[in-house]
Amino acid sequence: MSTTSGLTAERSANRTFLDMNGYQWVVILAAWLGWGFDVFDGMLFNFVAPNCVPTLLGLTIGSPEAKAATLRWTGVLTSVLLVGWALGGIFFGRVADRIGRTRTLMLTMCLYAFGTALCAFAPNLWVLGIFRLVSSLGIGGEWAAGAAMVAETVPERRRLEAGALLYTSAPVGLFLATFINFQLAGVWFKSVPEVSWRYVFLSGLLPALVAFLVRVFVKEPERWKSAAATAKPPAFAELFDDKHRPYVVSGFLMAVTALITWWSCNAFIPVVSTGLAQTAAVERGLDRAATLALVEHWKAIATNYFNWGGLLGTLLTVPAAKWVGRRAMFGIYYLLSGAAILSAFGLDLPPETRLVLYFFIGLTVFGVFGSFTYYLPELFPTRLRGTGAGFCYNVGRIIAAAGPILVGTIAARGTDSAIRTLFWVGFVPLAGLLFLPWVIETKGRTLAD
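## As for helix H17 (residues 382-400)
Logical step 1: In this model H17 runs 28 Å from its N-terminal to its C-terminal C-alpha over 19 residues, within 8% of the 27 Å that 1.5 Å per residue would give.
Logical step 2: Remark: the principal bend of H17, roughly 30°, maps to Phe391.
Logical step 3: Of all 19 residues making up H17, 17 are buried, and the element is well covered by its neighbours.

Pasting the structure below:
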C-alpha cells in the first residue's frame, strides 16, 4: 500500500461532510482564504482607479480628461498586473514543487499583501506600477500552490467538489473588495476621494494574518512529501517533452481563452459602471456629491451581479464536469460566455439593464474558472503538478495582458466606445471553441502520483 493510500485508509473512519475529515476542511479553508484574498488584493485597483489615477496625474476627478486617463491607465496597469501574475505563477509553481505547497502558499500571501499595502504610499503612477508588480508576483504564485495542496489532500472522489469550492473564494474576494471600497470610498471618506483610495489599498494587508494561520495549522500534503523524497527534482523542460506536451497544450488553450475574456470584461466593470453613472447623473441634474454616491452605488451593483453569477457558475462546473466531461463543459461555458457578452454590450439597453446583465457574464465568463482548480492538477503527476498547473494557468496572462491595454486605449474615447469594444470581446470565447479538439479529457481518471 502506498503512503497516500495508507493515509486515505487511516482517515476514512473519520469522515465528515462530503467524505472529508476535519483536517482536510482546514486545508481547503486555508487555500480558499489564500485565493479569495488573492483576488481581493488583485482587484482593489480597479475599484479605486477613477479616484486614484486622476489624483496621481493632478487631474480633477470626474472631468473628461480624468475619465480618458483612467480608462487608459486602467488598461496599462491591469496589463502590468497580468504580466507579473504570469511570471509569479510560473516561478512559484516551480517553487511549490521544490519546497512544498504550504511554505509557498504562506510566502506568496505575504508578498501580495505587503505589495498591495505599499500602493497606498505611491507618489505617482510609475511607483504605483512597481508596487503592483511586486504584489502580482505573489498573486500569481498563490494559485498553483493552493490548487495542488487541495488536490493532493482531499479524497479522490471529492476532488471536483473541493476544487470548485476552492474557487468560490474568488467571487467572495470580489464581494469583499466591493464592500471595502464602498465603505471606505463611498461612506467613510466619500468627501475626500483624493485620499480614500489610499485607505482601500491599505486593506490589502489583511491576507498577512491568514498567511500566519497557514503556517501554524497546515502541513505539507503526504503526496508531495512522498514524491519529494523519492523522485528527482522537477525540471521545467519536462513540460515540453513528448509525454507532457499534449497536457500543457490542453491546459494552456483552455486557460488563455478564459483569461483573455475575463480580464477584458472584469477589469472595466468599475470604469464602465462609473461612466454610465456619470452620464445618468448629468441627465438627472445631480450635484457632485450625489454623482459620486451614484457612481459608487452602480459600481457595487455591477460587481455584485458579476460576483453572484460567478459564484453560481463556479459551483455548476461540478455537475457539468461529472455529467458531460471536461471537454464538453468547456464548450458549453465558452458558447454561453460569448452569448452573454454579445447580448450585454451589443443590444440597445438602458444602463440599469446592462448592470443586471453582468450576472450572466459572471455566470459563464467567471464561472468557468471553477474548473481549473481541479482540471489543471489532474493533468500532471505530483512531482510536476505545481510547475505544470502554474505554467498553464499563468503563461496565458502574458497574452491576455494585451486585452486590457487594447480595450483601455479604445475605451478612453468614452463609455460608448468601451461598450462597443467589449461587444467584440464576446467573440474570444467563441473562438476558444476551435481549441476543443486539443482538450484532453480527464473524466474518471485518478490523480497521478
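## What to know about the layout of surface pockets
Logical step 1: Of the voids in this model, the largest pocket is the one considered here, and its volume is about 510 Å³.
Logical step 2: Taken together, 31 residues make up the lining of the largest pocket; nearest its centre are Gly62, Lys67, Thr274, Gly275 and Gln278.
Logical step 3: Among the elements of the structure, helix H2 (22-57), helix H3 (64-99), helix H12 (269-284), helix H13 (288-324) and helix H19 (415-425) are those that each provide at least two residues to the lining of the largest pocket.
Logical step 4: No other element matches the eight residues that H12 contributes to the lining of the largest pocket.

## A closer look at the packing of H3 against helix H4 (residues 101-118)
Logical step 1: Two elements in contact, H3 and H4, have axes whose closest approach is 7 Å; the angle formed by their N-to-C orientations is 140°. With respect to each other, H3 and H4 are oriented oblique. Two secondary-structure elements touch here, H3 through Phe92, Val95, Ala96, Asp97 and Ile99 and H4 through Arg101, Arg103, Thr104, Leu107, Thr108 and Leu111.
Logical step 2: Within the contact of H3 with H4, the residues separate by chemical class into six nonpolar, two polar and three charged.

## With respect to empty space enclosed by the protein
Empty space among the atoms becomes visible once a probe the size of a water molecule is rolled across them.
Logical step 1: Within this structure, the stated rule accounts for two cavities of 30 Å³ or more.
Logical step 2: The space that makes up the largest cavity amounts to roughly 90 Å³.
Logical step 3: Along the lines of polarity and charge, the residues of the lining of the largest cavity split into 12 nonpolar, no polar and one charged.
Logical step 4: One number sums up the size of the second largest cavity: a volume of about 50 Å³.
Logical step 5: Forming the boundary of the second largest cavity are Met43, Asn46, Phe47, Leu174, Asn266, Ile269, Pro270 and Thr303.

## What to know about the confidence of the model for the protein
Logical step 1: Summary statistics for the protein give a mean pLDDT of 82 and a share of 91% for residues scoring 70 or more.
Logical step 2: Across residues 1-13, confidence stays below pLDDT 50; counting only partners more than four residues off in sequence or on other chains, it has 11 contacts.

## Some points on the state of the cysteines
Here, disulfide denotes a covalent bond that connects the sulfur atoms of two cysteines.
Logical step 1: For the coordinates displayed, the defined rule picks out zero disulfides.
Logical step 2: Summary of cysteine pairing: Cys110 is not part of a disulfide, and the nearest cysteine sulfur, belonging to Cys119, is at 16 Å.

What counts as what
What you see as residue numbers is a count from 1 along each chain, following the sequence as written. Confidence filtering applies because this is a predicted model: local features only for residues at pLDDT of at least 70, side-chain atom pairs given and counted only at 80 or more, and all residues used for totals across whole chains, interfaces and linings. Side-chain numbers come from the whole structure's heavy atoms, not from hydrogens or water. Secondary structure elements follow DSSP: runs of H or I of four or more residues count as helices, runs of E of two or more count as strands, with numbering from the N terminus. To estimate the expected span of a helix, subtract one from its residue number and multiply by 1.5 Å. Bend, at a single residue, is the angle you get between axes fitted to the 7 residues ending at that residue and the 7 residues starting at it. When a residue's accessible area, from a 1.4 Å probe over protein chains only, is under 20% of the maximum for its type it is buried; when over 50% it is exposed; and in between it is partly exposed. The distinction between a cavity and a pocket rests on a 1 Å grid over the protein atoms alone: a 1.4 Å probe fits inside a cavity but cannot get out, while a pocket stays open yet meets protein on both sides within 12 Å along at least five of seven lines, and a residue with an atom within 4 Å of a point counts as lining. Grid points are joined across faces, edges and corners, and a volume is the space filled by probe spheres set on the points. Here an axis means a line fitted to C-alpha atoms, over the contact stretch when the element is a helix, while the angle between two N-to-C directions is reported on a 0 to 180 degree scale. Working rule for angles: under 35 degrees goes down as roughly parallel, over 145 as roughly antiparallel, 65 to 115 as roughly perpendicular, anything else as oblique. Between two residues, a contact is recorded if the distance between any of their heavy atoms is within 4.5 Å. As a working rule, the residues Ala, Val, Leu, Ile, Met, Phe, Trp, Tyr, Cys and Pro are called nonpolar, Asp, Glu, Lys and Arg charged, and the rest polar, with Gly in that last group. For every residue, the pLDDT score states the predictor's confidence, bounded by 0 at the bottom and 100 at the top. Note on disulfides: each one is a pair of cysteine sulfur atoms within 2.5 Å.

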